[in-house]
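Chain residues, written in single-letter form:
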Amino acid sequence: METILVLGGTAEAVTKTQELIGENTNHNIIYSLAGRTTGQPKLDCKIRIGGFGGVDGLIKFITENNVTKIIDATHPYALQISKNARAASNKKNITYNSILRAEWEKQDGDNWVNVSSTLEAAKTIPNMSRVFLALGKQYIDVFQTRTDCYFVIRMVDNPEVELGFKSHKLLTGRPSTSIEEEITLLRENEIQIIICRNSGGEQSYRKIIAARELNIPVIMINRPD
C-alpha cells in the first residue's frame, strides 16, 4: 500500500486527489491544506490542515505516517512549502511529483505592466488611482503605504484584524464565475488599475478578460523562479 501526501489548496490538487480516490486502489491518501482560508473540499480521504513546521516537521510527518510519495499541487507562489517538500522527499528518498498550472499569457488587447514583487507593484501604481487589489491577505500590507490611492480589495475570507488602508472597500468571496459580473464590479467601482499575480487557472482569469474588455491596465506580479 502506498501512502500519498497531496499538498493541496488548488483546483488541480482536488482534481488529482479525486482521480487517485477513483482509481479504486489500496492507496492511502492524505490531503493537506495550509489553512489560510476557510472551507474544505469534499474528499473521501483524510484531510489535514495546518503547517508542518519546516523541513524537519515534514520529515517527522512522513516518517510517522509512512508516506511513500508526495504530490505537490500547491499554489504557484507557495515557494516555501514546495522547497520544504522537495528537501524532505530527498532526505527520506521518496517520490516527489509536482503539478504546476500554466501561466497566463498576454493576449492582444491586454495592457500589462510586469513587476517582480508586491513592493515593486506598490511603487508602480499611478498617483491617485482607484485600484482593484486581487491578492491574498498575506500579501497586501505593502500597499497600505499608498495613502493617495483608493483600494477595492477582494479576498476569500474576512481578515482577522482591521485593514490599515486609508481608503478602501473590502469584498469577501471567491472570484465570480461570470465575466459579465467581473466587468460590472470593475465598472461600478470605477477601477483604473488591477494588481494581481500570474497565478494561472480559469476562474481567476475572468478578471483579466474583464480588464481587457474595459481597457484597464494590469500590474502583473511575475512568478518567482
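Rules used in this analysis
Residues numbered from 1 in each chain as written. Predicted model: local features only at pLDDT ≥ 70, side-chain atom pairs only at ≥ 80, totals over all residues. Heavy atoms only, no water. Phe/Tyr/Trp six-rings, centres within 6.5 Å; stacked < 30°, edge-to-face > 60°. Buried < 20%, exposed > 50% of the residue type's maximum accessible area, 1.4 Å probe, protein only. Lys NZ or Arg CZ within 6 Å of the ring centre and 35° of its normal. Pairing = 2+ DSSP bridges. Helix = DSSP H or I, 4+ residues; strand = E, 2+ residues; numbered from the N terminus. Axes fitted to C-alpha atoms, helices over the stretch in contact; angles between N-to-C directions. Contact = heavy atoms within 4.5 Å.

The next point concerns the packing of aromatic side chains. Any pair of aromatic rings gets described here by the distance separating the centres and the angle formed by the planes. Within this structure, the stated rule accounts for 4 aromatic pairs. Geometrically, the ring pair formed by F52 and F61 is edge-to-face, given 5.2 Å between the ring centres and 70° between the ring planes. On the basis of relative accessible area, F52 is assigned to the buried category, the value being 16%. Ring-pair connections join several aromatic residues into one group, and the members of that group are F143, F151 and F165. When the ring centre of F52 is taken as origin, the NZ or CZ atom of R48, which lies over that ring, is 3.8 Å away. The ring of F61 has R48 sitting right over it, with the charged end atom 5.1 Å from the ring centre.

Glancing now at the sheet that holds strand 11 (residues 218-221). If you walk across this open sheet you meet the 6 strands as 6-11-10-7-8-9, and the pairing is parallel. Both outer strands of the open sheet, strand 6 (112-115) and strand 9 (168-172), are each paired with one neighbouring strand and no more. The mean inter-strand angle of the sheet, taken between neighbouring strand axes irrespective of direction, is 20°. Pairing of strand 7 (residues 130-133) with strand 10 (residues 193-197) involves 3 bridges; the strand directions are parallel. Within strand 10, the position partnered with L133 by the bridge is I195. Sheet strands touched by helix 6 (residues 206-214): strand 6, strand 7, strand 8 (150-155), strand 10 and strand 11. Its angle to strand 10, the strand with the most contacts, is close to 150°.

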